Each structure stands twice: as structure tokens, then as C-alpha cells.
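# Analysis of the macromolecular model
This is what each chain is made of:
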There are 2 protein chains.
Amino acid sequence: MKYSQATDYALHAMLHLVTAVPNKPVGVQLLAEKLGVSQTYLSKMMTKLVKAGLIQSAPGANGGYRLRRKQEEISFLDIIHAIEGTASLFECSVNHGSECLIQQVVVDAERQMEQYLENKKIADLAKLMKTE
Amino acid sequence: MKYSQATDYALHAMLHLVTAVPNKPVGVQLLAEKLGVSQTYLSKMMTKLVKAGLIQSAPGANGGYRLRRKQEEISFLDIIHAIEGTASLFECSVNHGSECLIQQVVVDAERQMEQYLENKKIADLAKLMKTE
DNA sequence: CCATTAACGACTTTATGTATCCATAATAAC
DNA sequence: GTTATTATGGATACATAAAGTCGTTAATGG
Ligand code: SF4
Ligand code: SF4
């Protein structure tokens, strides 16, 4: 049970977009170089972020990606969900109904984590970003 | 990002042990039948639970598994950790030190979930267990 | 000794994640 | 319009982990 490395890349890519010059798109070429991953692979994650409505893409010369919403409106959970999907991390095969305690406990636990991640916005990251 | 099905099996196996007759071991044969999984596969998870100190095993005739601690002292987190391991669900490759916010946020989020799971004991499950 | 039952290791199969290459489409700049 | 630039999509290869099986060993009660 671990977050995929794709999530790691996506978080770092967003981190770079946050600190980029506003309204100036950043190409996947530059991002891939900084993260140490191939362009085509990273572009797949970027596409997921686009489809999730977090960033905006522009093809053509001087194109690239830029944030779609404000920094204060993009949470960690948004990014993670965009990459990992929104499926629950526990799904039993049988499902005896909603009165089941096992399911209830694990799903509630997951919600605890998600609430925490939802309240953390990437705007908080923009403050540092001197080391990276 | 999902819990393995092994965790599902382990939780249900523990659920059966909780409601079993005290001090009377339950064999893997019976458990596997109820869960709809092969004996050998389930026994691997049971062994993990034994090594984690959650249950006790007894070989030989009339052997099997029984709880090692009290019901009130076995949490969901204990079971999940025994099966899934205790590794953090986010580990970056570079690791720029402890001041990194990305790591901090995700790890803290995980801790939120774990605290919730730690406070939920399997004794709570013993109350129902009429449908299953 | 003998039947029973857990524990262990080797193995196969399947699924998922990781990653690359190539073709295509869309846009901006000229 | 032409061309260079950039994102998107599909096909493919590879690695890793999960899911499950099989055979053997070891310990215990009768
Ligand atoms: S007891 Fe709960 S978790 Fe288990 S099979 Fe039934 S509904 Fe699913
Ligand atoms: S910024 Fe944080 S998460 Fe990213 S590589 Fe550095 S230490 Fe790891």
C-alpha cells in the first residue's frame, strides 16, 4: 500500500507550476528535466491533471501548462485523486450492506486522511521553494 | 492505491476469532472455508498475525489460532500493519531533509488515518456478528 | 507410532505500475 | 499557407508486486 511514483511526480510538477511566472506556460520538456523523468511519461500525468481541471494546457509554440485555479483552491487531495483515482482504498467483495462495521471503520479512517489533505493547499508550498 | 485483499482476509479472520469460543483454537481449515479462500494462502496471513503478536498458534490435533491479547487491545491498525507492513505510504527518492513540506503534509495525513485506526478495536466488532 | 495441523519455501500466474517510442493533432509564429 | 513547436494518444516492453498453488517439514495430542 503505497502512493504510486506518478503521484510523487505530479506533486513536484505542481510545485514548479506554483512558483513559475504567472500566465507564462511551462513546457513538459523543462518539467521533465527538473524531475529527472522522460517527457512522454510525465506528460501522461500532466494530462490527468488537465482532465481533473487543475491545470490548463496550451499546444503550439510557447505552449505548456499553467494553473487553472488559484493556488489557494488547489489541494493535495485534488492532485492525488487526479492521479490515483477516487476509488476507496477498501472494497470488500461481498458487501453485506451499510451496517457493516469493518467497511465503516476503514472508510471513515480514509476520510480522516482525505480531509486533512483537502485542507492543505499548494499555496502553502509557494512560501519555500528556494531549495528546490 | 488500495489495501491488498490479504488485509481484507485478515480482518475477517480476526472477526471470526473474536466471536469464537474463548480458549478453543480455530483451525485454518474452518476459517478458509468461511472466507472462501484456500487454506495455504490464508495460513500465510495468519502467520503474519502470529509474528505480530496478535494471535497465538497451536500445531497438532485440535490446534489452530486464538487471540493472544484481549479484544480491547487489538486495533484495526495492528492488523493492517501486520499485513501491509509499516512503511510510509509516501517516500520520495531524493529526500532534501526534514524541512520539506510535501513529505510533511502527506506523512501527517497518513498519521491522521492511523490514529483513527488505532483507536478502533476489534472488540467493537464483537457486538454484531449475527449476519456474518 | 499416527493423525492432525501450523509453518516454510519454491514456484506459477496475474495484475499493476513504470517507462519508452512513435504517430497524430492542434496551435503559434513567420 | 508553411513550419516549428508542443500536447495528446496508442502501442509496446519491462519491472515489480499481488494472488494463489504445491510440496515439505515440524510440532502436538491421542
Ligand atoms: S462483513 Fe462487511 S466487509 Fe466483510 S464482506 Fe460483509 S459487508 Fe464486506
Ligand atoms: S521536495 Fe520534499 S518530497 Fe520532493 S524530493 Fe525534496 S524532500 Fe523529497
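This section reports on the structure supplied with the text. Only a predicted model underlies this, so the values are computations on that prediction, with no experimental measurement involved. Residue numbers here run from 1 along each chain, matching the order of that chain's written sequence. Whichever chain is written first becomes A and whichever ligand is written first becomes 1, with later ones labelled in order. Totals for whole chains, interfaces and linings use every residue, but because this is a predicted model, local features are given only for residues with pLDDT of at least 70 and side-chain atom pairs only at 80 or more, for both listing and counting. Neither water nor hydrogens contribute to the side-chain values; these are computed over all heavy atoms in the structure.

### Observations regarding the relation of the copies chain A and chain B
Definition in use: Superposing the copies works by least squares over the C-alpha atoms of residues that have pLDDT at least 70 in both of them. Only heavy atoms matter for contacts: two residues are in contact if any of them lie within 4.5 Å across the pair.
Mapping chain A onto chain B calls for a screw motion: a turn of 180° about the axis and a shift of 0.0 Å along it, with 0.1 Å RMSD after fitting. As the rotation angle and translation indicate, the two copies are arranged about a two-fold axis. Across chain A, the smallest distance between a C-alpha and the rotation axis is recorded for Met113 of chain A, namely 2.5 Å. Same-surface contact between copies: 100% of interface residues of chain A are shared with the interface of chain B.

### So, the environment of Leu125 of chain B
All names here are of chain B. What counts is decided by this rule: Here a helix means four or more residues in a row that DSSP labels H or I, a strand means two or more in a row labelled E, and each is numbered from the N terminus. When accessible area is computed with a 1.4 Å probe and restricted to protein chains, residues below 20% of their type maximum are described as buried, those above 50% as exposed, and intermediate ones as partly exposed.
For Leu125, the position within the fold is in the segment after helix 5 (101-119). Residue classification places Leu125 among the buried residues on the basis of a relative accessible area of 6%. Sequence-wise, Leu125 and Asn23 are 102 residues apart; in three dimensions their C-alpha atoms are separated by 19 Å.

### Here we look at the packing of aromatic side chains
Residues and elements named next belong to chain A. Note the following rule: Centre distance within 6.5 Å is the pairing criterion for rings of Phe, Tyr and Trp, where only the six-membered ring of Trp is used; planes under 30 degrees apart are then read as stacked, over 60 as edge-to-face, and the remainder as tilted.
Overall, the coordinates contain two aromatic pairs over all chains when judged by the stated rule. Aromatic side chains Tyr9 and Tyr41 sit 6.3 Å apart centroid to centroid with 85° between the ring planes, which places their arrangement in the edge-to-face category. Residue Tyr9 is located in helix 1 (residues 5-18), and its partner Tyr41 is located in helix 3 (residues 39-51); the two are separated by 32 residues in the primary sequence. When its relative accessible area of 14% is taken as the criterion, Tyr9 is described as buried.

### Examining the site of ligand 1
The cut-off we apply is this: Residues are classed as near a molecule or strand on a simple rule: at least one heavy atom within 4 Å of it.
Around ligand 1 lies a shell of eight residues, among which Cys92, Val94, His96 and Cys100 of chain A together with His12 of chain B are the nearest. Proximal residues around ligand 1 fall on chains A and B, making this an inter-chain site.

### Concerning the nonpolar core
As a reminder of what qualifies: What makes a nonpolar core is a set of buried Ala, Val, Leu, Ile, Met, Phe, Trp, Tyr and Cys residues whose side-chain atoms join them at distances within 4.5 Å.
By size, the foremost hydrophobic cluster in this structure holds 85 residues, and its most contacted members are Met14, Leu42 and Leu49 of chain A together with Met14, Leu42, Met46 and Leu49 of chain B. Discounting chain neighbours no more than four positions away, the residues touching Met46 of chain B are Ala13, Leu17, Val28, Leu31, Ile55 and Tyr65 of chain B.

### As for the pairing of strand 1 (residues 55-58) of chain A
Residues and elements named next belong to chain A. Quick note on the threshold: At least two DSSP bridges between two strands are required for those strands to pair.
As defined by bridge partners, strand 1 adjoins strand 2 (residues 64-67) across four bridges and the pair is classed as antiparallel. Residue pairing for strand 2: Ser57 is matched across the bridge by Tyr65. Connecting strand 1 to the antiparallel partner strand 2 that follows it, the hairpin turn spans five residues, and Gly60 within it adopts a positive phi of roughly 85°.

### Re the protein's contact with DNA strand D
For clarity, the threshold we go by: Here a polar contact means two N or O atoms within 3.5 Å. Within protein one must be a hydrogen donor candidate and the other an acceptor candidate, and residues neighboring in sequence count only if both atoms are side-chain atoms. Charged means Asp, Glu, Lys or Arg here, nonpolar means Ala, Val, Leu, Ile, Met, Phe, Trp, Tyr, Cys or Pro, and polar covers whatever is left, Gly included.
Close to DNA strand D lie 27 residues; Lys44, Ser57, Gly60 and Tyr65 of chain A together with Ser38 of chain B are nearest. Taking the atoms of DNA strand D that fall within 4 Å of the protein, sugar and phosphate contribute 65% of them. Ser57 of chain A places a side-chain nitrogen or oxygen 3.0 Å from a phosphate oxygen of DNA strand D. A distance of 2.7 Å separates a phosphate oxygen of DNA strand D from a polar side-chain atom of Tyr65 of chain A. The greatest single-element share of the surface near DNA strand D, amounting to five residues, is contributed by helix 3 of chain A. Considering only residue class, the surface near DNA strand D consists of eleven nonpolar, 13 polar and three charged.

### Some points on the interface of chain A and chain B
Reports often express the size of an interface as the amount of accessible area lost when the parts come together. Worth spelling out the cut-off: When two parts are put together, the accessible area they lose, computed with a 1.4 Å probe and summed over both, is reported as buried area. Here, a salt bridge means any side-chain nitrogen of Lys or Arg that lies within 4 Å of a carboxyl oxygen of Asp or Glu.
The interface is formed by 33 residues belonging to chain A together with 33 residues belonging to chain B. Contact between chain A and chain B buries roughly 3400 Å² in total, counting both sides, with carbon and sulfur atoms accounting for 76%. A per-residue breakdown of the area chain A buries against chain B is headed by Met1, Ile102 and Tyr116 of chain A, which together make up 20% of the total. Run the count over chain A and chain B and you get zero salt bridges.

### So, unusual backbone geometry
All names here are of chain A. Backbone geometry at Asn23 places phi at a positive 65°, although glycine is not the residue there. Along the polypeptide, Asn23 turns up in the loop between helix 1 and helix 2 (28-35). On the basis of relative accessible area, Asn23 is assigned to the exposed category, the value being 64%.

### Here we look at the protein's contact with DNA strand C
What surrounds DNA strand C is a group of 26 residues, the closest being Gln5 and Ser38 of chain A together with Lys44, Ser57 and Tyr65 of chain B. Those atoms of DNA strand C that come within 4 Å of the protein belong to sugar or phosphate at a rate of 69%. One of the side-chain N or O atoms of Ser38 of chain A is found 2.6 Å from a phosphate oxygen in DNA strand C. Tyr65 of chain B is positioned with one of its side-chain polar atoms (N or O) 2.6 Å from a phosphate oxygen of DNA strand C. When residues of the surface near DNA strand C are traced back to their parent elements, those giving at least two are helix 1 and helix 3 of chain A together with helix 3 (39-51), strand 1 (55-58) and strand 2 (64-67) of chain B. For the surface near DNA strand C, the element with the highest residue contribution is helix 3 of chain B, accounting for four residues.

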